[in-house]
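Structural characterization, general
So the chains spell out like this:
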Amino acid sequence: LGVDQRIKCFSMSPYHEMVYRDALTGEERYESLEVGSERWKEVWGQFLEVFIPHLDEKGWFDMTYTATDEVGESHINAIYELIQNYPNKDGKTLKLAAAVNYGNLSQTTLDHIDDISISLNHVDLSGDTTRQITEDRRSKGLTTSFYTCTGIYPNSFGYSNPGESAWTMWFNASQKMDGFLRWAYD
């Protein structure tokens, strides 16, 4: 369908219970999985064992990311550590994408995230910090953007002043960011 840059697969850090059909009984089952727990590793490990060869077969591996929204550092690190155990046929591991509240993450965790989008309310609006972070990440082959969502001003809602949308894009360009995420358009 023309997807040729990124496929982002959500979420190994779910907000709700996981729902699945038990293959033996045919029953629908619900299970809460604590991110990083042994059961979580088992379930997601089984998934990755079949998902990664599927991506290789389709030629999609290099553009596929496992993605999360606004989760804490422990979740990001647990996902990162798990995917390192499941390389593809070429020895590569899945890339990680995340929309995050930047101020809560260590540099090591930031470097684990190949494609990061930082909440606008965590972007340094008055200095060069965001531009420096973006340039540092770009030198490492990582991409950086910022996003807006509910409760953030300026924004691009139907009731927002049109100048807010213009400012958002101008600011993004001034910070030399790689993109912008509008979360969500519904």
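Note that this is a predicted model, so its numbers are computed, not measured.

1. Concerning the packing of aromatic side chains
With the rule as written, the count across this model stands at 6 aromatic pairs. Relative to Phe 47, the ring of Trp 44 has its centre 5.3 Å away and its plane inclined at 85°; by these criteria the two rings are edge-to-face. With Trp 44 and Phe 47 both in helix H1 (residues 38-58) and 3 residues apart, the pair spans about one turn of that helix. You can call Phe 47 partly exposed: its relative accessible area is 37%. Through successive ring pairs, a cluster of aromatic residues spans Phe 146, Trp 167, Phe 171 and Phe 180. Over the aromatic face of Tyr 65 sits the side chain of Lys 95, whose NZ or CZ is 5.1 Å from the ring centroid.

2. Digging into helix H5 (residues 162-174)
When the terminal C-alpha atoms of H5 are compared, their 19 Å separation across 13 residues agrees well with the 18 Å that a helix rising 1.5 Å per residue should span. Among the residues of H5, those classed as buried are Glu 164, Thr 168, Phe 171 and Asn 172. Along the long axis of H5, the arc covered by the buried residues comes to 100°, so they all point the same way. Those residues of H5 that are exposed and angled more than 90 degrees off the buried face are Pro 162, Trp 170 and Ala 173. Buried-residue contacts for H5 involve strand S7 (143-148) and strand S8 (179-182). Where H5 begins, the side chain of Asn 161 points an oxygen toward the backbone nitrogen of Gly 163, at a separation of 2.7 Å. A positive phi of about 55° marks Lys 176, the residue just after H5.

Rules behind the numbers
The written sequence of each chain sets the order in which its residues are numbered from 1. Totals for whole chains, interfaces and linings use every residue, but because this is a predicted model, local features are given only for residues with pLDDT of at least 70 and side-chain atom pairs only at 80 or more, for both listing and counting. Just so you know, side-chain values use all the structure's heavy atoms and leave hydrogens and water out. We call Phe, Tyr and Trp rings a pair once their centres come within 6.5 Å, taking the six-membered ring for Trp, and we label the pair stacked below 30 degrees between planes, edge-to-face above 60, and tilted otherwise. Only DSSP runs of H or I covering at least 4 residues are called helices, and only runs of E covering at least 2 are called strands; the numbering of each starts at the N terminus. Throughout, exposure labels follow a simple rule: accessible area from a 1.4 Å probe, protein chains only, divided by the maximum for the residue type, with under 20% read as buried, over 50% as exposed, and the rest as partly exposed. Definition used: whenever NZ (Lys) or CZ (Arg) falls within 6 Å of the ring centre and also within 35 degrees of the ring normal, the charge is taken to sit over that ring. Helix span is expected to be 1.5 Å times the residue number reduced by one. Our arc is simply the arc of the directions from the helix axis toward the C-beta atoms. Note on definitions: a residue-residue contact is assigned when non-hydrogen atoms from the two residues lie within 4.5 Å. Any N or O atom pair separated by 3.5 Å or less is treated as a polar contact, with the protein-specific requirement of one donor-capable and one acceptor-capable atom, and with residues adjacent in sequence counted only for side-chain atom pairs.

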